Amino acid sequence: GPIITDSGGFQVFSLANASPEDVDELKSRRPNKHKDAGGLIIRIDEDGVLFKSYRDGRRVSLTPETSVTAQKLLGADIIIPLDELPPYHID
């Protein structure tokens, strides 16, 4: 059947608002060699997001283009691109 993939944009939104307990939960799911998992989002701008891996601390850049490329590599039939999630109080 068809494969649908998502860009991860909502997860970026979630990381931007992660509490220390959320970070602890992320760290408990997989082996983690990086001790300082706070401040996972380094920068969000119109080009995309730069964040720090909670697993090993390396910097990861996610742009609309890299998101679609990754989804194509997975063989997706339906691709949800990286988009912007405006604050809830915006009309």
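Refer to the structure presented above.
Parameters at a glance
Residues numbered from 1 in each chain as written. Predicted model: local features only at pLDDT ≥ 70, side-chain atom pairs only at ≥ 80, totals over all residues. Heavy atoms only, no water. Helix = DSSP H or I, 4+ residues; strand = E, 2+ residues; numbered from the N terminus. Buried < 20%, exposed > 50% of the residue type's maximum accessible area, 1.4 Å probe, protein only. Polar contact = N/O pair within 3.5 Å; in protein donor to acceptor, adjacent residues only side chain to side chain. Contact = heavy atoms within 4.5 Å. Pairing = 2+ DSSP bridges. Axes fitted to C-alpha atoms, helices over the stretch in contact; angles between N-to-C directions.

Peer 1: Tell me about the side chain of T5, and please be specific about residues and values.
Peer 2: Tracing the sequence through the fold places T5 in strand 1 (residues 4-5). T5 sits in the buried class, given a relative accessible area of 11%. A polar atom in the side chain of T5 sits 2.5 Å from the side chain of Q71. With near-sequence residues (within four places) excluded, T5 lies in contact with Q71, L74, A76, I78, I79 and I80.

Peer 1: Tell me about the sheet that holds strand 4 (residues 59-62), and name the residues and values.
Peer 2: Strand order in the open sheet made by the 3 strands is 2-3-4, with antiparallel pairing throughout. Looking along the sheet, the strands with just one partner apiece sit at the ends: strand 2 (41-45) and strand 4. Direction aside, the axes of adjacent strands within the sheet are offset by 10° on average. Bridging between strand 2 and strand 3 (residues 48-52) involves 4 bridges; their strand directions are antiparallel. By the bridge assignment for strand 3, I41 is matched with F51.

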